[in-house]
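Structure at a glance
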Amino acid sequence: MYQIKNFVAATLIALGLAVTPAGYAAGTLSIAASAGDPGSWDPIDTFLVTWGGVGSQIYDGLTMRTADMKLVPGLATSWEMLDNDTRIRFKLRQNVKFHNGEPFYAQAVKFTFDRLLGSEGAKGPQQSNYNAIKEVKVIDPYTVDFILSRPDPVLLTKLAGYGAMLVPPKYVTEKGDEYFNSHPVGTGPFKFVDYKPKVSLTLERNGDYWDGAPKLDGIVYRFIAEPATQVAELQAGRLDIATAIPLSMLDVIAKDPKLTTASINGPTTLALRFNTKEGITKDPSVRRALTMAVDRDTIIKQMLGGNAEAVASFQGKLSFGYDPALKPLPYDPAEAKKLLKAAGIKPGATVQIDFRGTDTNFREVAQAISGYLQAVGVKATLKPYETSVLLNDIIPNGKTGEMWQNQWGGWTFDYDNTAYAMYHSGQKWNPYDKDAALDKMLDAQRDTYDQKARERILREVAKYVADQSLEMPLYSLNTVYGINKRVQNLTLPADGRFRFVSESIQ
Amino acid sequence: MQALFVVLVVTLLVSWAVRLTGDPSLMLAQGAGSVTEQDLANIRAHLGLNRPFSEQYIGFVNGLLHGDFGKSFIGATPVVILIEDALPATLSLTCCALLLSLILSIPLGIQAAVNKGGWSDQLIRIFSLIGLSFPNFWLAIMLVLLFAIVIPVFPPSGLDGPLSIVLPTVTMGIILTATNVRLVRTSMLETLSAQYIMVARSKGLRESVVLYKHALRNCAIPLITFIGLQFGSLIGGIVVVEKVFNWPGMGTLAFDAIAARDYPVLQATVTVLALLIVTVNFLVDIAYGFVDPRVRTR
């Protein structure tokens, strides 16, 4: 009996001590990581958006991007193209130290890229982004040359992200890869403090940061996948920035005097792509008719609360290669009916729309699209799939219905990232088409560093795809944030990779 | 032996079934943009997915026997570390929910049985029916809204101090209580009509002694059996509650592993949960001996 009494007493004391919900120290910002726990903080192991956000605090690349996606010097202060664009020479920033005190110099660049392009990098998904680099040569302690095996006009942008983040050679060699996975060290504005798998990651300010010490004391990333849970945490004042908000809950946040929302252009674009091999969508004029049958502006306004922008190609307006002169096909059901009739499609013809069943926003959009198609005499059935099944099996193995949901968000904001993967022959995300003309254009823009020429070719690609109606371009989705007003000077980067250098907490 | 066989069959089925939904290399590589067969082959080779299924499965069982669950495909964290963190979180939540349900359902069930047909019986039965009708995710959202946002007493999610276990426990506990109250009431009604209860009462024993010592002990066997069975369904249903409350337990681990096709984590999670259920059933058998002396002497 005494034991029971003691247990009850101990429990009550424990509960009493914890009556105040756990808070954070002043100047520590808590932000939700919605894309999951990458499990490793080594730059070469993952592509997850969560890693991108955290990686930007811990590491630096040779180049960096500002919040409006301008490429600026990072750990390289300048660069020049040499030997007919087969060699890039980087001058490195001096007096920079890794968080463990190890000095940054040319050998760290060589070590980072040898590791990325060698057997360690082959285990992960990042290597293929950088395999235009044949070799890194150290010229002097603060100069390195990248020898290229083929042109890669997006390389300088890629050096600002993910796999190309600079790692400390001595630390990685001494501690080993497994230790480095969970105890990352870089040169970035914040240092690693603690990692609880699936729960949180804590960082503290790097007072010696080469670009000026951040104002915040620290950052706590909390892995919260459920958008509704993020909103609850935000309302309870335990989260400063919610990164995934159900659009239907934006009003709830807006009405809370402590909170505010922000909606900015993001990298994610959505399209319904067509099966060009089978079904009524084999015919380009039918595809054109189906695209004209859907009123995308109304969908954006009514279902997405205006948090998106209609697109004419599979890219948003921040994307390199975006052509403001290319306008989306107009909503014209009468013309759509005419085209369908001319193509010999009888009323009652069927199409199947495959989509991610867990995407509640898109489920509503797909239902609306089905209604619009019904209005021009095409009966659409909706087939929800578990996301992994759709991405792993249905799309790459060409098992889709006539239309399928595709959403893409290349962090490079370069149309090449989307267009090459979607339209080039043999690509996993292009299960049906083999078009020599498209292949030629896509290869040509990868073969030159002339950015004007690239932009022209990429615009031609977008126009060609639109003329062939290879997809029904839908919209470029805004990234929506819920923010506690105590966060000051917040800069919202278009790629979601925050770098909290000037932000503070009131 | 039988239990071991069950666990082996479960792991074999899970390992085989999860591989039917496509390999994870394309998902791991999709962020890289354009992906070549060679990139995928490299990733598959690293993950050991290029070996035949039988070899992969035998490797998993062999590791299991040595206490090594392998490494997660996502970030290469040793699976043992993930389980070490997640298992206590799930066990504490499940045990607290069961405990809460027992604390509530035993006195309420007895009260309903003793006052059969009376107002308290009616009231308890109505509340039990309401409890049974609640979907757990809805109840969870309502509790968060009420007790984390409108009246901010408890944290809305996460494992963050002792208070954070309250809302998920109540969510699961209320639904369990609704079932258990009915069970206790029915068993108690049967027991109270038994002759030995009449004997106990005619001996002049206090009503509380009759109810809580003689009657309750005899009701315990069906209740314990039912709790053993409930434990299995609790573990199955915990995924939803853990997701809503962002509770870092086995349910969340399994859910994320399924979504990412993280075979080692999924295999390990299912194996541990299967072992757990088998163990609980074993403990239920032992518990019979404590409450019923006849089982001990057999």
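This section reports on the structure supplied with the text. (Residues numbered from 1 in each chain as written. Chains lettered and ligands numbered in written order. Predicted model: local features only at pLDDT ≥ 70, side-chain atom pairs only at ≥ 80, totals over all residues. Heavy atoms only, no water.)

1. Some points on the overall build of chain B
When you go through chain B residue by residue, the secondary structure sums to 13 helices and 0 strands. When its helices and strands are written in sequence order, chain B yields α-α-α-α-α-α-α-α-α-α-α-α-α. Principal-axis analysis of the C-alpha atoms places the extent of chain B at approximately 85 × 55 × 30 Å. By the burial criterion, 47% of the 298 residues in chain B qualify as buried. Considering only contacts within chain B whose residues lie at least 6 apart along the sequence, 74% involve residues at least 24 apart. Roughly 14300 Å² of accessible area belongs to chain B as shown, and the carbon and sulfur atoms make up 71% of that amount. (Helix = DSSP H or I, 4+ residues; strand = E, 2+ residues; numbered from the N terminus. Buried < 20%, exposed > 50% of the residue type's maximum accessible area, 1.4 Å probe, protein only. Contact = heavy atoms within 4.5 Å. Areas by Shrake-Rupley, 256 points an atom, 1.4 Å probe, with all protein chains shown as cover.)

2. Notes on the pairing of strand E9 (residues 200-205) of chain A
All names here are of chain A. Pairing geometry for strand E8 (residues 190-196) and E9, over 6 bridges, is antiparallel. Looking at E9, one finds that lysine 191 is bridged to glutamate 204. Here E8 hands over to E9 after 3 residues, with lysine 198 in that stretch at a positive phi of 70 degrees. (Pairing = 2+ DSSP bridges.)

3. Thoughts on the packing of helix H1 (residues 2-18) of chain B against helix H4 (residues 53-65) of chain B
All names here are of chain B. Taken N-terminus to C-terminus, the directions of H1 and H4 make an angle of 135 degrees; their axes are 11 Å apart at the nearest point. Considered as vectors, H1 and H4 are oriented oblique to each other. Where H1 crosses over H4, the two elements pack in a sense that is right-handed. Touching Leu8, Thr11, Leu12, Ser15 and Trp16 of H1 are Phe53, Tyr57, Phe60 and Val61, all from H4. Residues that form the contact of H1 with H4 fall into these classes: 7 nonpolar, 2 polar and no charged. (Axes fitted to C-alpha atoms, helices over the stretch in contact; angles between N-to-C directions. Parallel < 35°, antiparallel > 145°, perpendicular 65-115°, else oblique. Left-handed = near helix turned anticlockwise from the far one by under 90°. Nonpolar A, V, L, I, M, F, W, Y, C, P; charged D, E, K, R; others polar.)

4. Description of the nonpolar core
Counting residues in each nonpolar core, the largest one holds 105 residues, and the members touching the most others are Tyr423, Trp429 and Val461 of chain A together with Met188 of chain B. What methionine 188 of chain B contacts, discounting residues up to four positions off in sequence, is Ile110, Ala113, Leu211, Ala215, Leu216 and Cys219 of chain B. Membership of the second largest hydrophobic core comes to 60 residues, among which are Ala33, Trp51, Ala108 and Val487 of chain A. (Core = buried A, V, L, I, M, F, W, Y, C linked by side-chain atoms within 4.5 Å.)

5. Details of helix H13 (residues 360-375) of chain A
All names here are of chain A. In a regular helix each residue adds 1.5 Å, so 16 residues correspond to 22 Å; H13 covers 23 Å between its end C-alpha atoms and thus fits that length. Taken residue by residue, H13 has Phe362, Val365, Ala366, Ala368, Ile369, Ser370, Tyr372 and Leu373 as its buried positions. Positive backbone phi, at 90 degrees, marks glycine 377, one or two positions downstream of H13. (Expected span 1.5 Å × (residues − 1).)

6. As for the interface of chain B and chain A
Contact residues are listed per partner, giving 46 residues for chain B and 48 residues for chain A. Both sides of the chain B and chain A interface together cover about 3900 Å² of buried area, and 57% of this is carbon and sulfur. Its salt-bridge partner being lysine 71 of chain B, residue glutamate 178 of chain A comes within 3.0 Å of it at the nearest N-O pair. Counting every contact that joins chain B to chain A gives 9 residue pairs in polar contact (both at pLDDT 80 or more). Those elements giving two or more residues to the side of chain B that touches chain A turn out to be helix H2 (25-29), helix H3 (37-47), helix H5 (79-114), helix H7 (136-150), helix H10 (207-244) and helix H11 (250-260) of chain B. Tallying contributions element by element places H3 of chain B first for the side of chain B that touches chain A, with 6 residues. (Buried area = accessible area lost by both parts, 1.4 Å probe. Salt bridge = Lys/Arg side-chain N within 4 Å of Asp/Glu carboxyl O. Polar contact = N/O pair within 3.5 Å; in protein donor to acceptor, adjacent residues only side chain to side chain.)

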